[in-house]
Amino acid sequence: MRHYVGLDHCRWLRPSAAIGRRMRHVLTGDALRSLPSVDLQHLLTEAYCWDHSAPNSGTSHVGLAAAMDHTVPFAVSNQPALQHLEELRRTAFVRYPQQASMMVSPLQGLWLYWLVLLTGARRVLELGSFMGYSTVWLAEALKANTNSYHANTSTHHDHTAPYLMACEMNPEYVKHLKHTVQNLALEPLVSIRQGAALESLEAIRSTHQPFDLIFLDANKREYVQYYEFILEHGLLSSPQGLMVVDNTLFHDTIHPQYPPVRQVLDQAASLAGADGSAQGSIATNQTRKPSVTARHLYRFNQHVAADPRTEQFIMPLFDGLTLIRHQMRALGPTER
Ligand SMILES: C[S@@+](CC[C@H](N)C(=O)[O-])C[C@H]1O[C@@H](n2cnc3c(N)ncnc32)[C@H](O)[C@@H]1O
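Here is what the cut-offs are and how they apply
Residues numbered from 1 in each chain as written. Predicted model: local features only at pLDDT ≥ 70, side-chain atom pairs only at ≥ 80, totals over all residues. Axes fitted to C-alpha atoms, helices over the stretch in contact; angles between N-to-C directions. Helix = DSSP H or I, 4+ residues; strand = E, 2+ residues; numbered from the N terminus. Parallel < 35°, antiparallel > 145°, perpendicular 65-115°, else oblique. Contact = placed C-beta atoms within 7 Å. Nonpolar A, V, L, I, M, F, W, Y, C, P; charged D, E, K, R; others polar. Buried ≥ 20, exposed ≤ 12 C-beta atoms within 10 Å, placed from the backbone. Pairing = 2+ DSSP bridges. Expected span 1.5 Å × (residues − 1). Arc of directions from axis to C-beta. Near = placed C-beta within 6 Å. Right-handed = clockwise from strand over helix to strand, strands pointing away.

Teacher, can you tell me more about the packing of helix α10 (residues 223-232) against helix α12 (residues 292-305) here?
Two quantities define a packed helix pair, namely the angle between the helix axes and the distance between the axes. It is the contact of α10 with α12, at a shortest axis distance of 9 Å, that shows an interaxial angle of 30°. Classified by the angle between their axes, α10 and α12 sit roughly parallel to one another. Contacts between α10 and α12 involve Tyr-223, Val-224 and Tyr-227 on the former and, on the latter, His-296, Leu-297, Arg-299, Phe-300, His-303 and Val-304. Considered class by class, the residues forming the contact of α10 with α12 number 6 nonpolar, 2 polar and 1 charged.

Take a look at the structure:
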């Protein structure tokens, strides 16, 4: 059986930095090899989101890749060949070495691109843009959608110009963002709004049509407020609009409340032997408390999961990406 696991942003791995810092679980060859393949597949997927959620981690990826050798191919895509995105990413790491890890990973960027393509979105809203890395992924997809729209005008009835509104609070980042947008000639498509996300939402609610895709990546503490505002004020197109929320498996958020991870790690520990902390099997450190941000994200996850107005699922991709859309299912009386 082949296990397909996306291993991304390997370019900036610093394995030694990860151990003993943010990573709780270092899974290495023997522990992994001793697992039955079906569990292994599960473990790989879950461990991936777990360990990769820590900035500068990646040891697990190296470990997993080494352990699985031929069974874990890298995620490969020939699309899109976007050289400028690579450059933008590099520039961000040079200019802001501490902050750059808050960008979406390349694999997430590619997934955002695909989501815009798959939904055929024409109006996109982004909260939290930093230097524009995710913005450019979204804009490139919007451009592709626009091209296909022009090729099929007879079948489309939406005649408004496509646009992406990027909202960012930090004036220094906004300067870079503007530069990025100008440099790549994305201006007619991308408009930038400087300011707090909640103020931007308030300002655009009466002036803009609903958005087909909304990407939340600003202040994690305000996620519930963004979500509520968007739904209450009809900012997400209905019925097809898609909300995409980053970092929803943030660091400790999935520990210890996230049962699949706990379960497979326990299983791995028992298979690896009694001494779970030994190098070569599994090293755990369960004493750290979830960070404040992690607790906000956990609260957000609970809030959304309990909301009958929407349906959602969390993708264990990089730091966790939640996809949310309007509820399509007819609800039973106890669910309403
Ligand atoms: C995780 S980063 C965004 C990364 C970007 N989406 C990317 O992938 O390249 C979060 C950004 O949100 C901005 N931010 C934080 N709080 C905000 C707020 N209340 N309103 C708007 N932007 C905010 C930060 O300045 C930061 O640039």
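Before we go on, may I ask you to explain unusual backbone geometry in this structure?
The bulk of non-glycine residues show a negative phi, and the bulk of peptide bonds are trans. Of note, the bond from Ser-238 into Pro-239 is cis; its omega dihedral lies within 30 degrees of zero at 10°. Its identity is not glycine, yet Phe-130 carries a phi of approximately 50°, on the positive side. Backbone geometry places Asn-247, a non-glycine residue, at a positive phi of 75°. Within the secondary structure, Asn-247 is located in the loop between β6 (242-246) and α11 (259-272).

Would you explain the pairing of strand β2 (residues 123-127) in this entry?
Side chains on a regular strand alternate between the two faces of the sheet. A large share of β2 lies buried, amounting to 5 of its 5 residues. Burial of the side chains of β2 extends over both faces: Arg-123, Leu-125 and Leu-127 are buried on one face and Val-124 and Glu-126 on the other. Here β2 runs beside strand β5 (residues 213-216); their pairing, made up of 4 bridges, is parallel. Bridged to Leu-125 within β5 is Ile-214.

Would you mind going over the environment of Met-243 with me for this structure?
Checked against the element boundaries, Met-243 lands in strand β6. Owing to 24 C-beta atoms within 10 Å, Met-243 belongs among the buried residues under this scheme. Measuring from C-alpha to C-alpha, the distance between Met-243 and Leu-125 comes to 9.4 Å, with 118 residues separating the pair along the chain. Excluding residues that lie within four positions of it along the chain, Met-243 makes contacts with Ile-214, Leu-216, Ile-230, Leu-236 and Ile-324.

Looking at this structure, how should I read helix α8 (residues 171-183)?
Given 3.6 residues per helical turn, the α-helix brings residues three or four places apart onto the same face. For α8, built from 13 residues, the straight-helix expectation of 18 Å at 1.5 Å per residue is met to within 8% by its first-to-last C-alpha distance of 18 Å. Three or more residues of α8 are buried, namely Val-174, His-176, Leu-177, Thr-180 and Val-181. Looking straight down α8, one finds that the buried residues subtend no more than 160° of arc, so they occupy a single side. What points out from α8, more than 90 degrees from its buried face, is the exposed set Pro-171, Glu-172 and Gln-182. Where α8 ends, the next residue or the one after it, Ala-185, has phi of about 55°, a positive value.

Would you explain the sheet that holds strand β3 (residues 163-168) in this entry?
Strand order across the open sheet formed by 7 strands is β4-β3-β2-β5-β6-β9-β8, with mixed pairing between neighbours. Unpaired on one side and paired on the other, β4 (190-194) and β8 (310-315) mark the two borders of the sheet. Looking at each pair of strands side by side, their axes are set apart by 15° on average, direction ignored. Two elements, β6 and strand β9 (residues 321-326), share 5 bridges in a ladder whose sense is antiparallel. Residue Asp-246 lies in a different strand from β9, and its bridge partner there is Leu-321. Those strands touched by α8 are β3 and β4, and its axis lies near 170° from that of β4.

Please clarify how the site of the ligand should be interpreted in this entry.
Taken together, 20 residues sit near the ligand, with Gly-128, Tyr-133, Ser-134, Met-169 and Ala-197 positioned nearest. Looking at the shell around the ligand, the elements with two or more residues in it are α7 (133-151) and β3. A breakdown of the residues in the shell around the ligand according to their chemical character gives 12 nonpolar, 5 polar and 3 charged.

I'm lost on the pairing of β4 in this one. Help?
Of the strand pairs in this sheet, β3 and β4 are connected by 5 bridges, and their pairing is parallel. Each bridged residue has a counterpart across the sheet, and for Met-165 the counterpart in β4 is Ser-191. Viewed along the sheet, the connection from β3 through α8 into β4 turns out right-handed.

Teacher, can you tell me more about helix α6 (residues 106-119) here?
Under the 1.5 Å per step criterion, the end-to-end length of α6 is 20 Å for 14 residues, consistent within 8% with the ideal 20 Å. Where α6 is concerned, the buried positions are Pro-106, Gln-108, Gly-109, Leu-110, Trp-111, Leu-112, Tyr-113, Leu-115 and Val-116. Gly-120, located one to two residues past α6, shows a positive phi value of around 65°.

Quick question: what am I supposed to make of the packing of helix α9 (residues 197-204) against α10 here?
Between α9 and α10, the shortest axis-to-axis distance is 10 Å and the interhelical angle comes to 5°. What the angle tells us is that α9 and α10 run roughly parallel. Contacts between α9 and α10 involve Ala-197, Leu-198 and Leu-201 on the former and, on the latter, Gln-225, Tyr-226 and Phe-229. Of the residues in the contact of α9 with α10, the class split is 5 nonpolar, 1 polar and no charged.

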